[in-house]
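This is what each chain is made of:
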Amino acid sequence: ATYTVLKYVFKRGQPRVMIARIHHFQMKDKILQLARKQFPLCYKGRPIHIFPDLLGEIMKQRQAFSYVRKHLQKAGMRSGFICPARLRVTHGNTDKVFSSPEEAEVYIGTLS
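Attention in this report is confined to the structure presented alongside it. (Residues numbered from 1 in each chain as written. Predicted model: local features only at pLDDT ≥ 70, side-chain atom pairs only at ≥ 80, totals over all residues. Heavy atoms only, no water.)

What follows covers the nonpolar core. Listed in full, the ten residues of the largest apolar core are Phe65, Val68, Leu72, Met77, Leu87, Val89, Phe98, Ala104, Tyr107 and Ile108. For this core, the secondary-structure elements that each account for two or more residues are α3 (66-74), β6 (86-91) and α4 (101-111). Setting aside its immediate chain neighbours within four residues, Val89 contacts Leu72, Met77, Arg78, Ser79, Thr94, Asp95, Lys96, Phe98 and Tyr107. (Core = buried A, V, L, I, M, F, W, Y, C linked by side-chain atoms within 4.5 Å. Buried < 20%, exposed > 50% of the residue type's maximum accessible area, 1.4 Å probe, protein only. Helix = DSSP H or I, 4+ residues; strand = E, 2+ residues; numbered from the N terminus. Contact = heavy atoms within 4.5 Å.)

This brings us to the packing of aromatic side chains. Counting across every chain of the model gives two aromatic pairs. When the centroid spacing of 5.9 Å and the interplanar angle of 65° are considered together, the rings of Phe65 and Phe81 count as edge-to-face. Here Phe81 lies in strand β5 (residues 78-82) and Phe65 lies in the loop between α2 (56-63) and α3, a separation of 16 residues in the sequence. Exposure remark for Phe65: the relative accessible area of 1% places this residue in the buried category. For Phe81, a relative accessible area of 25% puts it in the partly exposed group. Between the aromatic rings of Phe98 and Tyr107, the centroid separation amounts to 5.3 Å while the plane-to-plane angle is 40°, which identifies the pairing as tilted. Accessibility expressed as a relative area gives 7% for Phe98, which makes it buried. (Phe/Tyr/Trp six-rings, centres within 6.5 Å; stacked < 30°, edge-to-face > 60°.)

Across five bridges, the pairing between β6 and strand β7 (residues 94-98) is antiparallel. From the neighbouring strand, Leu87 faces β7, where its bridge partner is Phe98. Connecting β6 to the next strand, β7, in antiparallel fashion are two residues, including Gly92 with a positive phi near 70°. (Pairing = 2+ DSSP bridges.)

Dropping the structure here:
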């Protein structure tokens, strides 16, 4: 079943959030795999993004990095997550991966 979340009335051009409940793990895995292969996906000239649902525990682990990510953004550095909850920081041509916010804070301290 697919249904729209949040608002039911959308202004034209405003992105919509859709949730698709897929009952078979193999089908969900296949959809995510195809979405990655055929990136960027478009429908009628507009981009479509497909994201997996993350467990609450993983979301908490990612949220623990929020303080560090704000400092990285202010410093002009790129950061992102590697599944499930490791932070990747790009500084110049080098990538660093951190498993805990404390490790990342120590790294930021060495840059200042």
